[in-house]
Amino acid sequence: MQKIHHITSAQNIASRELLEKLFQTAETLQNKQARNDSLQGKILACLLYEPSTRTRFSFEAAMLRLGGQVLSSEDAGRYSSAKKGETLEDAIQIINGYADCIMLRHPEKGAAQRAAEVSDVPLINGGDGPGEHPTQALLDVYTLYKELGKIDGLNIAIVGDLKHGRTVHSLLMLLDVYKDMRLRLVSPKQLTLPAEYKQNLQNSIEETTNMQDMLSTADVVYMTRIQKERFEAKEEYENLKDSYIFGKEELALLKKNAVIMHPLPRVDEISKEVDKDPRSAYFRQAHNGLYVRMALLQHLLE
Ligand code: NCD
């Protein structure tokens, strides 16, 4: 098994063997609603320079459920010494002396890589601007496995802001360890997937602006939010924000066993009326994050 230290990109965990091991551990923990003391005495530092609900709380809950402890700065741009002009690299080296692992969320693409370069303790990228979000991809793939029992050969429509959506960038890398995937990327022309995330994919991708046409054949519809905070011009965001709305009509086009996913938070791209449909997996998906992150922390720190 490949030894991982830092997780700055989904590339670091893109091995079938590792994913299978993590998913088995996550599933065992989930079935038993487990708590244990495997990480007793260890400390996780969560350093967040951007807002977070799920990523932060699920990492913290995961650490606490494993008997570890947590240090957290939830608005590090304002409440850490970054406000006084301290560089990210200096902050990371200092926190290395206090914690056994760091989860970092930062608005700049590449920040996690910069941080990892000066970190002796494992550095986990919890989102670096419009770059990547590898642990979200991990819980997304785990959700596919839980919901559908297999991943090879799935037909997945990924919809929304594929330019800025970091969860999608990481997800495509992880899905690439599976075979015969049919990946259909649905976005407005202005928000297509950047070339750098397409280049090395083995699986075939198909790009379109039309969501409706994809729905009757999709096994999975992965909706994403138009990433308001990444737009320079408010007007451009306003023009694009309602590009895709998944409501009752869209639901009616889906296969009986299809799965609707979303990394959350959602704004208007999935109507509330869709929530009650058994195919809507997005809240289950968010809950899965806890167990996947428990499995990951155990793997990194035990
Ligand atoms: C995502 C993120 O932060 O990239 N949220 C999350 O961690 N589940 C998705 C988003 O903000 O749209």
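Residues numbered from 1 in each chain as written. Predicted model: local features only at pLDDT ≥ 70, side-chain atom pairs only at ≥ 80, totals over all residues. Heavy atoms only, no water.

**Section: the overall build of the chain**
Scanning the chain from terminus to terminus reveals 11 helices and nine strands. In terms of overall size, the chain behaves like a compact globule, its C-alpha atoms giving a radius of gyration of 19 Å where 302 residues would be expected to give roughly 19 Å. Counting all 302 residues of the chain, 56% fall into the buried class. Residue pairs at least 24 apart in sequence account for 71% of intrachain contacts in the chain once pairs closer than 6 positions are excluded. Summed over its atoms, the accessible surface of the chain is roughly 13,500 Å², and 46% of this surface lies on carbon and sulfur atoms. In the chain, the 38 positive side-chain charges and the 42 negative ones have mean positions that sit 4 Å from each other. (Helix = DSSP H or I, 4+ residues; strand = E, 2+ residues; numbered from the N terminus. Rg over C-alpha atoms; globule rule 2.2 N^0.38 Å. Buried < 20%, exposed > 50% of the residue type's maximum accessible area, 1.4 Å probe, protein only. Contact = heavy atoms within 4.5 Å. Areas by Shrake-Rupley, 256 points an atom, 1.4 Å probe, with all protein chains shown as cover. Lys, Arg positive; Asp, Glu negative; His and termini not counted. Charge placed at Lys NZ, Arg CZ, Asp CG, Glu CD.)

**Comments concerning the layout of surface pockets**
Approximately 400 Å³ is the volume found for the largest pocket. Lining the largest pocket are 21 residues, and of these Arg105, Arg166, Arg225, Leu264 and Pro265 sit closest to its centre. Looking at the lining of the largest pocket, the elements that each hand over two or more residues are α2 (54–65) and α7 (166–175). Each residue belonging to the lining of the largest pocket can be placed in one class, and the counts come to four nonpolar, 10 polar and seven charged. Roughly 280 Å³ of internal volume is contained in the second largest pocket. Along its surface, the second largest pocket is lined by 17 residues, and Ser9, Gln11, Glu132, Met173 and Tyr197 are the ones closest to its centre. (1 Å grid on protein atoms, 1.4 Å probe; cavity = no way out; pocket = protein on both sides within 12 Å on 5 of 7 lines; lining within 4 Å. Points joined across faces, edges and corners; volume = space filled by probe spheres on them. Nonpolar A, V, L, I, M, F, W, Y, C, P; charged D, E, K, R; others polar.)

**Regarding the site of the ligand**
Close to the ligand lie Arg54, Thr55, Arg105, His133, Gln136, Arg166, Thr167, Arg225, Gln227, Pro263, Leu264 and Pro265, which account for all nearby residues. Note that an oxygen atom of the ligand is positioned 3.1 Å from one of the side-chain N or O atoms of Arg105. Note that an oxygen atom of the ligand is positioned 2.7 Å from one of the side-chain N or O atoms of Arg166. Relative to its free-state accessible area of 320 Å², the ligand is covered by the protein chains to the extent of 94%. At a threshold of 2 Å from the grid points, most atoms of the ligand map onto the largest pocket. Taken together, the elements giving at least two residues each to the shell around the ligand come down to α2 and α7. By residue class, the composition of the shell around the ligand is three nonpolar, five polar and four charged. (Near = heavy atom within 4 Å. Polar contact = N/O pair within 3.5 Å; in protein donor to acceptor, adjacent residues only side chain to side chain. Sits in = over half its atoms within 2 Å of the grid points.)

**Details of the environment of Asp161**
With respect to the element layout, Asp161 can be found in the loop between β5 (155–159) and α7. Each C-alpha atom of the pair Asp161 and Leu191 lies 5.4 Å from the other, and the pair is 30 residues apart in sequence. Polar contacts involving the side chain of Asp161 include one to the main-chain amide nitrogen of Gln227, which spans 2.9 Å.

By themselves these figures say nothing about function.
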